[in-house]
Amino acid sequence: MKLSIVVPVYNEVETLPRLYDALLPVLRGTGHEYEVLLIDDGSRDGSWDVLQELAEKNSHIKVIRFRRNYGQTAAMNAGLHEATGDVVVTMDADLQNDPTDIPMMLAKLDEGYDLVHGWRKNRQDKAISRKLPSKIANWLISRVTGFPIHDLGCTLKAMRSEIAEDIQLYGEMHRFIPILAHWRGARCAEVVTKHHARQFGVSKYGIGRTFRVLLDLLTVKYLTSYMTSPMNLFGKFGLWSFTFALISCIATIAMKMVGGVDMTGNPLLLLTVFAGFVGMQFLVLGMLGEQGVRTYYESQGKTYYTVRTRLNMSEESPLGENDEVRHALAVLAKHVPAAPSMKLHDARRAA
Ligand code: UDP
Ligand code: MG
């Protein structure tokens, strides 16, 4: 088994050597092959020089340097997708997470879980500006998504590589990794991890992050509940709106026939038209959504379901193995001008 440790780094010049000294003995102690993937997220404090030194000293240290600061989520995404290990462990560079927790998390994975995430039960951060908003956000996230969780913000997580490869992170979404993974069928477990106060450098976040997290929560809720069937959400709104328009229309006509109320002067007529338009908009939104889903999955040769195991079949079933298809398309595109517009099943056959 090979371990990949993914660490986003932004202006952490003082902690990097300490991270190296703390992490390496733990990794050697596991007896597994390992790599440490450090992603320099556009640091401007000399972190890059330190990273270069570390990479020179030890070939297990691999470094990616972004052209500018894209944020922790982007750095994490790069790490998850560039990692070559069978198990990927993510953690912060500032040593607030304790590397000595890693063997315990690996043992938990061995119990049959696909992803193990940390719970900073004894969190060492400011109470009012950090711990309280985090508690509220975690409670809310847990309620909205129905995913039992105490602490989504803990970066210390361990997951199997197939889970890491399957996840795409945008916005501030790195904290939603367990929920996104669970959505894709991963078995997740939470374990209590150690947490230390930041000793060097400064935190890159303040209270403002809470709002971004809440907005991301909306996205995650939509993705996990309606991504594959937008019409089920928007169509429902549309139908309700049409029903409302119909009732309002009947009322307008009835009022005219029974009470002689002038239709053009009746506000219910306006309501009928308004609700009719809104209903139409929702239905069209649903249709566009349905088209979007198909484009998203089929253009990449992805499926909306994930296969855990196959029996009496080759593990690399051509129908599910998207990499083969993508590779074949790339090769064909070089030689055949019409290849990009090729039908997927032709490409699969070619693969
Ligand atoms: N980080 C990053 N890009 C950013 C902000 C932060 O790569 O734009 C990294 C940072 O170097 C650290 C981790 O993300 O390794 C967590 O950041 P921080 O410790 O500031 O967050 P906190 O622990 O205070 O929530
Ligand atoms: Mg920190």
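Right above here is the structure, for reference.
Residues numbered from 1 in each chain as written. Chains lettered and ligands numbered in written order. Predicted model: local features only at pLDDT ≥ 70, side-chain atom pairs only at ≥ 80, totals over all residues. Heavy atoms only, no water.

Colleague: Which parts of the structure should I look at to understand the overall build of the protein chain?
Modeller: Within the protein chain, the secondary structure is distributed over twelve helices and seven strands. With the C-alpha coordinates aligned to their principal axes, the bounding extent of the protein chain is approximately 90 × 60 × 40 Å. Scored against the burial criterion, the 351 residues of the protein chain give a buried share of 42%. Taking the contacts inside the protein chain whose residues are at least 6 apart along the sequence as the reference set, 77% of them involve residues at least 24 apart. Surface summary for the protein chain: the accessible area is close to 19300 Å², and the carbon and sulfur share equals 60%. Of the charged side chains in the protein chain, 40 are positive and 37 negative, and the gap between their average positions amounts to 6 Å. (Helix = DSSP H or I, 4+ residues; strand = E, 2+ residues; numbered from the N terminus. Buried < 20%, exposed > 50% of the residue type's maximum accessible area, 1.4 Å probe, protein only. Contact = heavy atoms within 4.5 Å. Areas by Shrake-Rupley, 256 points an atom, 1.4 Å probe, with all protein chains shown as cover. Lys, Arg positive; Asp, Glu negative; His and termini not counted. Charge placed at Lys NZ, Arg CZ, Asp CG, Glu CD.)

Colleague: Can you walk me through the state of the cysteines in this structure?
Modeller: Tallied over the full model, the rule gives zero disulfides. With no disulfide partner, Cys 188 has as its closest neighbouring cysteine sulfur the one in Cys 154, 14 Å distant. (Disulfide = S-S within 2.5 Å.)

Colleague: Quick question: what am I supposed to make of the pairing of strand 2 (residues 33-40) here?
Modeller: Consecutive side chains along a regular strand alternate between the two faces of the sheet. For strand 2, the tally of buried residues reaches seven of eight residues, placing the bulk of the element in the interior. In this sheet, strand 2 lies alongside strand 1 (residues 2-9) in parallel orientation, the contact comprising eight bridges. The residue of strand 2 that forms the bridge with Ile 5 is Val 36. One crossover worth recording links strand 1 to the parallel strand 2 by way of helix 1 (residues 15-30), and it is right-handed. Looking at chain direction, strand 2 and strand 3 (residues 61-65) are connected through five bridges and run parallel. Note on strand 3: the bridge partner recorded for Val 36 is Ile 61. The handedness of the strand 2 to strand 3 crossover, carried by helix 2 (residues 47-57), is right-handed. (Pairing = 2+ DSSP bridges. Right-handed = clockwise from strand over helix to strand, strands pointing away.)

Colleague: Explain the site of ligand 1 here, please?
Modeller: What surrounds ligand 1 is a group of 18 residues, the closest being Glu 12, Asp 41, Asp 94, Ser 203 and Lys 204. Ala 93 is positioned with one of its backbone polar atoms (N or O) 2.8 Å from an oxygen atom of ligand 1. With respect to ligand 1, the side chain of Arg 130 contributes an N or O atom lying 2.7 Å from an oxygen atom. Alone, ligand 1 offers 530 Å² of accessible surface; in the complex the protein occludes 95% of this. For the shell around ligand 1, a count of residues per class yields five nonpolar, five polar and eight charged. (Near = heavy atom within 4 Å. Polar contact = N/O pair within 3.5 Å; in protein donor to acceptor, adjacent residues only side chain to side chain. Nonpolar A, V, L, I, M, F, W, Y, C, P; charged D, E, K, R; others polar.)

Colleague: Teacher, can you tell me more about the packing of aromatic side chains here?
Modeller: Any aromatic ring pair is given by two values, namely how distant the centres are and how the planes are angled relative to each other. Taken as a whole and judged by the stated rule, the model has seven aromatic pairs. On the numbers, 5.4 Å between centres and 90 degrees between planes, the contact of Phe 66 with Tyr 70 is edge-to-face. Judged by relative accessible area, which is 45%, Tyr 70 ranks as partly exposed. Ring geometry for Tyr 304 against Tyr 305: centres 5.4 Å apart, planes inclined by 80 degrees, an arrangement best described as edge-to-face. Here a set of aromatic residues connected by ring pairs shows up, and it is made of Tyr 222, Phe 234, Phe 237 and Phe 282. A cation sits over an aromatic face here: Arg 68 above Tyr 70, 4.0 Å from the ring centre. Just above the ring of Tyr 205 sits the side chain of Arg 209; from NZ or CZ to the centre is 4.0 Å. (Phe/Tyr/Trp six-rings, centres within 6.5 Å; stacked < 30°, edge-to-face > 60°. Lys NZ or Arg CZ within 6 Å of the ring centre and 35° of its normal.)

Colleague: Where do I start with a negative patch on the surface in this structure?
Modeller: Judged by side-chain charge, Glu 33, Asp 86, Glu 162 and Glu 165 come together as a negatively charged surface patch. By the secondary structure assignment, Glu 33 is in strand 2. (Patch = residues over 30% accessible without salt bridge, like charges linked within 9 Å, V, L, I, M, F, W, Y side chains within 5 Å. Salt bridge = Lys/Arg side-chain N within 4 Å of Asp/Glu carboxyl O.)

Colleague: Would you mind going over helix 9 (residues 230-259) with me for this structure?
Modeller: A turn of α-helix holds 3.6 residues, and therefore any two residues three or four places apart point the same way. If you check helix 9, its first and last C-alpha atoms are 43 Å apart, about what 30 residues at 1.5 Å a residue would give, namely 44 Å. Pro 230, Leu 233, Phe 234, Gly 235, Gly 238, Ser 241, Ala 245, Ser 248 and Thr 252 are the residues of helix 9 that are buried. Looking one or two residues past helix 9, Gly 260 carries a phi angle of roughly 70 degrees, positive in sign. (Expected span 1.5 Å × (residues − 1).)

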